[in-house]
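# A structural walkthrough
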Amino acid sequence: MKVLVIEDDVEVATFIVKGLHEAGHVADHAATGPDGLFHAVSEEYDAMIVDRMLPGVPGLTIVETVRSAGKTTPVIILSALGDVDERIRGLRAGGDDYLTKPFALGELMARLDAMFRRASPTIASTTLRVADLALDRLARTVTRGERRIDLQPQEFRLLEYLMRHAGQVVTRTMLLENVWDYHFDPQTSVIDVHISKLRQKIEKGFAAPLIHTVRGSGYVIGPR
Amino acid sequence: MPIPRVLHTSTFRLSILFAAFFCVSAVLLLSVVYWGVGRVLIDQTDEHIDSDVAAFEKAFAVGGRQAVESLIAVKIGNDTSQTATYQLFSSDGSMRTGNLRPVLRLNTFPELGRGEVTSEPLPEAHNREPHTIRTRTVKLSDGGRLLVGRDIYTPLEITERIGQIVGLGLFASIILAGIGGWMISRALLRRVDGMARVSRGIMEGHLDRRLPVGRANDEFDHLTSQLNAMLDRIETLMADVRQVTSGIAHDLRSPLTRLRMRLEKAQLERGENADPVLEEVIVEVDGIRATFDALLRIAQVDARDPRSNFDVVDLEHLVQRMTELYRTVAEDKGLTWRVNIDGDLLIYADEQLLAQGLSNLIDNALKYTPAGGRISLQVSGETDRARLAIEDTGPGIPTAARQEVLKPFFRLEESRSTPGSGLGLALVAAVAKLHGAELLLADAAPGLRVTLILPRGDISPPVPPVRF
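Small disclaimer: the values here were computed from a predicted structure and weren't measured.

## Points about the sheet that holds strand S11 (residues 438–443) of chain B
Residues and elements named next belong to chain B. Read across the open sheet, the five strands follow the order S7-S9-S10-S12-S11; overall the sheet is mixed. The open sheet has two edge strands, strand S7 (336–341) and S11, and neither has a second partner. Strand-to-strand twist of the sheet, defined as the mean angle between neighbouring strand axes without regard to direction, takes the value 10°. Bridging between strand S10 (residues 385–392) and strand S12 (residues 448–455) involves seven bridges; their strand directions are antiparallel. By the bridge assignment for S12, Ala389 is matched with Thr451. Across the sheet, helix H5 (residues 315–332) is in contact with S7, strand S9 (374–381) and S10; its angle to S7 comes to roughly 175°.

## A short note on the interface of chain A and chain B
Each partner contributes to the interface: chain A provides 38 residues, whereas chain B provides 35 residues. Note on chain A versus chain B: buried area summed over both sides is about 3,600 Å², and carbon and sulfur give 56% of it. Among the residues chain A hides against chain B, the three largest losses belong to A:Phe15, A:Pro102 and A:Phe184. Together they make up 19% of the total. Connecting chain A to chain B are four salt bridges. The salt bridge involving B:Glu324 is made with A:Arg157; its shortest N-O contact spans 3.0 Å.

## Points about the pairing of strand S3 (residues 47–51) of chain A
Residues and elements named next belong to chain A. Counting buried positions along S3 gives five out of five residues, so the element sits mostly inside the fold. Here S3 shows a buried face lined by Ala47, Ile49 and Asp51 and a second buried face lined by Met48 and Val50. Taken together, the four bridges between strand S1 (residues 2–6) and S3 define a ladder with parallel strand orientation. What sits directly across from Ile6, in S3, is Val50. The parallel pair S3 and strand S4 (residues 75–79) is bridged by helix H3 (residues 59–68), and the resulting crossover is right-handed.

## Describing unusual backbone geometry
The omega angle of the peptide bond from A:Lys101 to A:Pro102 is -5°, so this bond is cis rather than trans. If you trace the backbone, A:Pro102 turns up in the loop between strand S5 (97–100) and helix H5 (105–119). For the peptide bond that leads from B:Ala445 to B:Pro446, omega is 0°, which places it in the cis range. Within the element layout of this structure, B:Pro446 appears in the loop between S11 and S12. Here the phi dihedral of A:Asp181 falls at roughly 60°; this positive angle occurs in a residue that is not glycine. Counting through the fold element by element, A:Asp181 comes out in the loop between helix H7 (172–179) and helix H8 (190–203). We classify A:Asp181 as partly exposed; its relative accessible area is 42%. One non-glycine residue, B:Ala445, adopts positive backbone phi at about 40°. Relative to the assigned elements, B:Ala445 resides in the loop between S11 and S12.

Reading the values: the criteria
- Sequence order as written defines residue numbering, which begins from 1 separately in each chain.
- Chain A is the first chain written and ligand 1 is the first ligand written, with later ones labelled in order.
- Predicted model: local features are reported for residues with pLDDT of at least 70 only, side-chain atom pairs are reported and counted for 80 or more only, and whole-chain, interface and lining totals are derived from all residues.
- Calculation of side-chain values draws on the structure's entire complement of heavy atoms; hydrogens and water are dropped beforehand.
- We treat two strands as partners when DSSP finds at least two bridges between them.
- Think of it this way: any DSSP run of H or I at least four residues long counts as a helix, any run of E at least two long counts as a strand, and we number them from the N terminus.
- Lines are fitted to the C-alpha atoms to define the axes, a helix being fitted only along its stretch in contact, and any angle between axes, read from their N-to-C directions, falls within 0 to 180 degrees.
- The criterion used for residue contact is that any of the two residues' heavy atoms lie within 4.5 Å.
- In this description, buried area is defined as the sum, over both parts, of the accessible area (probe of 1.4 Å) that is lost when the two are combined.
- We define a salt bridge as a contact between a side-chain nitrogen of Lys or Arg and a carboxyl oxygen of Asp or Glu at a distance within 4 Å.
- When a residue's accessible area, from a 1.4 Å probe over protein chains only, is under 20% of the maximum for its type it is buried; when over 50% it is exposed; and in between it is partly exposed.
- Consider the strands pointing away from the viewer: the crossover is right-handed when the path from the first strand over the helix to the second runs clockwise.

Take it as geometry only, folks, not as evidence of what the structure does.
In C-alpha cells:
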C-alpha cells in the first residue's frame, strides 16, 4: 500500500516510515504543511498519516482540503492533543481515526490495517470463518467444527470484531473503542480478561489455538 | 402562600425599623404638643376665671352679697359668647343668682377650689351635648359660696381633634413606611436578583457574561464593576490554564513520543531477543503517559465549559455498559457483581466523563476488594436528582482520609505499593464538580461506598428566579 506521512518531527517521521516499510508498504514523507498538502492533493495514496501541528498549513486543514476535493482516502490523524473535543474536531474535519502521541507503533500499524480493510470492502458475508471456526452474524451463533459454542452477547461481539479483522493485529484500544464504545483506557487489563474468557470457550478441547497475543500490540485471530 | 421574598430582605427590615423609630419619635413629639396645647388652653381658662373671682371678691368687699349679685347679672349680660358661668350659693347650699345648669343636680355645696362640672348646653346652642365647665369655687365671708366657671368645650374639642390627627398621622406614617419600605426593597431585590442571575449563568460556564453596571455610580455600581473586573481576571486565568495545558500537551508529549519510539525501535532492531529491560522501560514510559493523560484530563475537566458535551444520558444504560466490561473481570477475581436499578433514570450529563469516573471507581474496587467479596452498582432517583453508587467489601477508606483521597496524587499509606497514580478519585471529584454533583464517601461496613448525587438538569435555559 502507498502511504503518505505528513509529520514535521523528523524522528517520529523516520520511525513511522521505517515501520511502514517493514510492514511492506511504500511511504512518502512530507515535513511541512504546504509540502504535505501538495502531495496529498496531487497524488493518489491508499492512506495518509497526518500530524495536526505542522508548520505552514495545519494538519486538519489538509484533511479538510482533501475531503473537499472529493478524495475518500483513509486518514489517520496524529496529535499531542488528546481530549474528546479535539478528537471530535479531528474526526469532523474528515479524519477516519485519531491517535494521541505518544503511541505504540503497533497501534498505528494495526489501525492502518483496519482502515485498509474498511476502505476496500469485500462483500460482507453473513458468516465469518477462521480455520474451523464459523460465526453466523444473523443467527448469532458460533460453531467450531461440529460443536456449537455458547457465547454471552459481549463475547460474541468481541469475537465478531476479531474475525472481521482476521489476520490483522487488533489493539486493546481498538477493542475498547469498537466493541465497548470506550474512548479511554481503564487501568486494569480488562480486555485481557475478556480475551482470556473467550479463548477458553473457543479453544478448550480443540487442537489449534486461534487467538494469538502479539506482544506489545494486541491480539490477532488466525490459523497460524 | 409562601411569604414574599421582599419581607426577608434586609432593606425591608431596615425600613420597618426606620418607620418604627420615626413613628415613636413622631408620637412623642405630637404627644408633647397635645399635652402642651391642652395645658395652655386650660391655664388660659383658669386665668380668666381667676380674674373674674378677683372682681367678685372686690365687689363683695365693697357691697356685700348684693353687689355680687348685681355683678353676676352684669357679667352674664356682657357675656356674648355665652361661655361664662356664675353661680351664687347661699350658706344653706341653695342656688341663688346665676346661670349654672348642671346636668346632675348639686345636692351640696360645690367643693372649694378648682373643679369641673358638667352642664346642660344653652337652648340656642348648636349641638345638644352636655358641656364641661371648668370651675373655681370660693367661700364668701357670709357663708355662701361663689362658683365661677368657663365652658371648655372648645378647648376640649381642640385637643381631641389634635389627638385624632396624631392618631391618623401615626397610622398613615406606618402605612407609608410599609409601602415605601416594600417598594425600595423590591427595587433593590430586583437589582440583586439581576446580579444573581448573571452569576448563575457565569457559574454554568458562560464566562463571557458580565454584571450590568448602572449609571448611578452608587455603591452597587462600584461593587458590580469590581465583580466584573474579577470575572475578567477569572476568564483570563482560565484561558491561560487552557493554553498551558495545551502547551504542556504538546511540549511534554513530543519528548515522550520520541523516547517511546526510540525504545520501540531498539526493541524491533533486536527482534525477539530484545533486552527485557527495554520492555520494562516502555511500560514505565506508558505509565508516565497514563499519569500525564489523567492529569491533563482533570485539568481539562476543571477548565472546560460545562455544557459543551452534555446530552441526555440513560444511567441504566451506562451501568449496563460498565457491567458488560467489568463483570467478567470481577468474577475472574472471585468477586460477585451486583446491580440494582430503581426506575428509569435519564439525566443531562456528559456520558464519557461519567463513564470514565465510574470506571475509575470500579477499577479501585477491583483493585482493593479481596476475593470472596462483592461489588455492587446502584442507581436510583428522585424528581430532581439521581444517585449513582458503587459499593465494595474491601478495606474502605478511613473517615479522616476521606477529604484527602480526592486530591490528586494522594495515596493511602496501605496502598502506596499497589500500582496506580493516585489520580482516579481526583478525576471523579472533577467530574462531580463539573456536573454540580455531590460526591460522598461512606463506610459500607465493611468496605467503601461511593455515591454521586447528580442533578437531573434539563435542556432548557436556567430557571428564572421567583418573581412577584
